[in-house]
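# Coordinate analysis (summary)
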Amino acid sequence: RDEEGQLRAAVTHGAMQKRMLEEGKPLPKDFAGAAVFHAGPVALKNEDGSWRLNVIGPTTSIRMEPYADVVGRMGVRAVIGKGGMDADTLRACGQYGYVYLQAAPGCAAKLAQGIERINDVTWFELGMPEAVWDLQANEFGPLVVGMDTHGQSIYKNLKEAALHKIDEAYPA
């Protein structure tokens, strides 16, 4: 949250991190203290040049796993997406002090209601879902903490519990 208590988020579908890491391009804006939202926005451009967000649905985050440190070095406080992430992100959460928040799939219209405005759009030449969207939100969600800065992961815990149940059901 910024000084006014507003949540600021950089929305990306993956091209942002790839451009930064593989092409060495600097981020078009400073998103330190903000969230990165793995999402696919659908927005319309108004006559005055501003944007109106219709829906914004989370996209699968595991594709972004190779960029865990890139995101951490950006200084973000949270990553929002769906489906969880893996060990590199869990380590980076602790190292850089950010959390992974699970957005509820199927709530694209509800999530869009929490967005107050679109501040800016950069790298639009990559297409609507791959552009970097700078959003301002007030009450945004529903979200669940999936990974924290203390090494806890609901995805890791679920996987371990499921493997334990399999071992119990089918002993070696």
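The model shown is predicted, which means the values in this text are computed figures rather than measured ones. (Residues numbered from 1 in each chain as written. Predicted model: local features only at pLDDT ≥ 70, side-chain atom pairs only at ≥ 80, totals over all residues. Heavy atoms only, no water.)

What follows concerns unusual backbone geometry. Put simply, G141 and P142 share a cis peptide bond, and its omega is 15°. Relative to the helices and strands, P142 is located in the loop between β7 (132-137) and β8 (143-147). (Helix = DSSP H or I, 4+ residues; strand = E, 2+ residues; numbered from the N terminus.)

The element β7 is extensively covered by neighbouring structure, given that six of its six residues are classed as buried. The two faces of β7 match: V132, D134 and Q136 on one face and W133, L135 and A137 on the other face are all buried. The pairing of strand β6 (residues 115-122) with β7 spans six bridges and is classified as antiparallel. Residue pairing across strands places I118 opposite L135, the latter belonging to β7. (Buried < 20%, exposed > 50% of the residue type's maximum accessible area, 1.4 Å probe, protein only. Pairing = 2+ DSSP bridges.)

Another aspect to go through is the side chain of S61. On the secondary structure map, S61 appears in the loop between β3 (51-58) and α2 (68-74). Here S61 falls in the buried class, since its relative accessible area comes to 0%. Polar contacts involving the side chain of S61 include one to the side chain of H38, which spans 2.8 Å. Within the structure, the side chain of S61 is placed 2.9 Å from the side chain of Y100, a separation counted as a polar contact. Residues within four places of S61 in sequence aside, it is in contact with H38, I80, G81, K82, G84, M85 and Y100. (Polar contact = N/O pair within 3.5 Å; in protein donor to acceptor, adjacent residues only side chain to side chain. Contact = heavy atoms within 4.5 Å.)

On to the confidence of the model for the protein chain. On average, residues of the protein chain score 89 in pLDDT, and 95% of them are at 70 or above. The weakest mean pLDDT in the protein chain belongs to helix α1 (residues 15-22) at 73; the strongest belongs to helix α3 (residues 87-96) at 98. (pLDDT = per-residue confidence, 0-100.)

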